[in-house]
Amino acid sequence: MKLAEATRAAARELTQGGIETPELDARVLASEAFGVGTAEVLVGAAEASSAGLATLDGFIARRLSGEPVARILGRREFWGLDFALTPATLAPRPDTETVVETALSFVADRSAALRVLDLGTGSGCILLAVLAELPGAFGVGIDLAPNAAAAARANAQNLGLASRAAFLAGRWARALDGTFDLVVSNPPYIESAAIAGLDREVRLHDPALALDGGADGLDPYREILSDLPRLLAPGGVAVLEHGAGQSDAVAAIAREQGLEVATVATDLSGERRALALGRTAAAGR
Ligand code: GLN
C-alpha cells in the first residue's frame, strides 16, 4: 500500500468513527507514523512500511477511542513553540494565546529585565511563550502538581529557556514573597458539576486538577485575586484567562480586592476570554 492510500484509509476510518476532523487528524497521525511531512503523506507514492502501517493502526485505534491527536503525539504547538505533554499537564489551547498576546501588549520595552509569574503553569506554555518574546525577563512557574512543574521545567530546557525560568510545586502564590511585573494564569475554571458533561477528549485526557474550578468554577480566582495586590509590582499587570460567561464575575472579585480591569480580551471566536488587571492607587503599595 502507498503512503497516500494508507492516509486516505485512515481518514475513512476516522470519518466512520464520527471524529470531527478526520482528514486533518489522519494526515498528522500518518505523518508521525511514517516519519514524513504532512504534505508528503497526501501525495505519497512510496510504499508504506509495515512498521509504519502498524504504528498508524495503533494511532487510529487510540483516536477512535477519543484520545486527542496531541496526546497521541505527546506534544502540542502553542505560540509557534513545541510543548511536550504529560498526563499531569493540560493540553495547551489556541484560545490561551490570548493571554500571551494581552500580557505582551502591556510591555513597553521588550528587552527589559521583567519579572514574570505564571500561576498553575501546567506545561509551562504561557510562561515560556512570554519569556520567548521577552529576552531580558525571568519567569517563575508554579503548579500544585509536582509532575506538571517537572514537565514545565523539561519544556523550558527543550526550548532553550531554562536559564531564565524557575519552577515550583505549590499552591498558587503561597510560597512567594516578592513582586512581579507580569502575572499570568489559566486556572481551572470549569464548574465541578459540568466536568462529567465535557467532551471525552477533555474529560478523559486532560488532568481534572487543571479543569475543576469548584462549585461555581471561580474558587481559583478567589485565591489568586486575594494574593494579587501583594504580588504585583507598581505598574504591574495580571492577565487571567476565564471561562465563557465568567468575565463579569471575575472582574467583580478583582474589584473587591482593590484591583481595576485594564482590558477585557477576546479570543479567536470573539468570546471574552481574559482580563488584564492592575492595582488601583487605593490598593496601596
Ligand atoms: N479551556 C479549557 C476547556 O475548555 C478549560 C481549561 C481551564 O479550566 N482553564 O476545556
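Placed above this text is the structure.
Here is what the cut-offs are and how they apply
- Residues numbered from 1 in each chain as written.
- Predicted model: local features only at pLDDT ≥ 70, side-chain atom pairs only at ≥ 80, totals over all residues.
- Heavy atoms only, no water.
- Helix = DSSP H or I, 4+ residues; strand = E, 2+ residues; numbered from the N terminus.
- Rg over C-alpha atoms; globule rule 2.2 N^0.38 Å.
- Buried < 20%, exposed > 50% of the residue type's maximum accessible area, 1.4 Å probe, protein only.
- Contact = heavy atoms within 4.5 Å.
- Lys, Arg positive; Asp, Glu negative; His and termini not counted.
- Charge placed at Lys NZ, Arg CZ, Asp CG, Glu CD.
- Core = buried A, V, L, I, M, F, W, Y, C linked by side-chain atoms within 4.5 Å.
- Near = heavy atom within 4 Å.
- Polar contact = N/O pair within 3.5 Å; in protein donor to acceptor, adjacent residues only side chain to side chain.
- Areas by Shrake-Rupley, 256 points an atom, 1.4 Å probe, with all protein chains shown as cover.
- Nonpolar A, V, L, I, M, F, W, Y, C, P; charged D, E, K, R; others polar.
- Phe/Tyr/Trp six-rings, centres within 6.5 Å; stacked < 30°, edge-to-face > 60°.
- Pairing = 2+ DSSP bridges.
- Axes fitted to C-alpha atoms, helices over the stretch in contact; angles between N-to-C directions.

A. Structural view of the overall build of the protein chain. For the protein chain, the count of helices and strands is eleven helices and nine strands. The C-alpha radius of gyration computed for the protein chain amounts to 21 Å, which stays within 12% of the reference 19 Å derived for 285 residues, consistent with globular compactness. Expressed along its principal axes, the backbone C-alpha trace of the protein chain runs to roughly 70 × 40 × 35 Å. The 285 residues of the protein chain split such that 49% are buried. Partitioning the contacts of the protein chain with sequence separation of at least 6, the portion at a separation of at least 24 is 66%. For the protein chain, the distance from the average position of its 25 positive side-chain charges to the average position of its 36 negative side-chain charges is 3 Å.

B. How the structure looks around the nonpolar core. Counting residues in each nonpolar core, the largest one holds 31 residues, and the members touching the most others are Leu128, Val130, Leu131, Leu134, Leu182 and Val239. If one sorts the elements of this core by residue count, helix H7 (residues 125–133) sits on top with seven residues. Apart from residues lying up to four places away in sequence, valine 239 is in contact with Val99, Thr102, Ala103, Val183, Val184, Ser185, Ala274, Leu275 and Ala276. With 26 residues, the next largest nonpolar core counts Trp172, Tyr189, Ala238 and Ala251 among its residues.

C. Fine view of the site of the ligand. Near the ligand you find Leu90, Arg93, Asn186, Pro187, Pro188, Tyr189, Ile190, Val202, Ala210 and Leu211, and these make up its full shell. A distance of 2.8 Å separates a nitrogen atom of the ligand from a polar side-chain atom of asparagine 186. Interatomic distance of 2.9 Å between a side-chain N/O atom of tyrosine 189 and a nitrogen atom of the ligand. Protein contacts shield 84% of the accessible area of the ligand, which totals 300 Å² for the unbound molecule. In terms of residue class, the shell around the ligand is made up of eight nonpolar, one polar and one charged.

D. Looking closely at the packing of aromatic side chains. Taken as a whole and judged by the stated rule, the model has one aromatic pair. Between phenylalanine 78 and phenylalanine 83, the aromatic rings sit 6.2 Å apart at their centres with planes inclined by 75°, giving edge-to-face as the arrangement. With relative accessibility at 1%, the residue phenylalanine 78 sits in the buried group.

E. Spatial organisation of the sheet that holds strand S4 (residues 138–143). Read from one edge of the open sheet, seven strands run S5-S4-S3-S6-S7-S9-S8, paired in mixed fashion. At either end of the open sheet lies a strand with only one pairing partner, and these are strand S5 (165–169) and strand S8 (259–266). Strand-to-strand twist in this sheet, taken as the mean axis angle between neighbours without regard to direction, amounts to 20°. As paired strands, strand S3 (residues 115–119) and S4 are joined by five bridges and run parallel to one another. In the sheet register, arginine 115 faces S4, and the bridge partner there is phenylalanine 138.

F. Spatial organisation of helix H6 (residues 97–105). Taken together, the buried positions of H6 are occupied by Thr98, Val99, Val100, Thr102, Ala103 and Leu104. Close packing links the buried residues of H6 with strand S1 (75–78), H7, strand S6 (180–185), strand S7 (232–241), S8 and strand S9 (272–279).

G. Highlighting the side chain of glutamine 246. Residue position: glutamine 246 is located in the loop between S7 and helix H11 (247–256). What makes glutamine 246 buried here is its relative accessible area of 9%. When neighbours within four sequence positions are excluded, glutamine 246 is seen to be in contact with Tyr189, Asp216, Gly217, Leu218 and Tyr221.

H. Spatial organisation of unusual backbone geometry. One non-glycine residue, tryptophan 79, lies in the positive phi region at around 55°. Inspection of the secondary structure puts tryptophan 79 in the loop between S1 and strand S2 (81–84). In the Ramachandran plot, tryptophan 172 falls in the positive-phi region, its phi being about 40° despite a non-glycine side chain. Looking at the secondary structure, you find tryptophan 172 in the loop between S5 and S6.

I. Quick peek at the pairing of S9. Taken across its eight residues, S9 has seven buried, putting it largely inside the fold. Direction of pairing for S7 relative to S9: antiparallel, over a ladder of four bridges. Within the sheet, the bridge partner assigned to valine 239 lies in S9 and is alanine 276. With seven bridges joining them, S8 and S9 adopt antiparallel strand pairing. By the bridge assignment for S9, valine 261 is matched with leucine 277.

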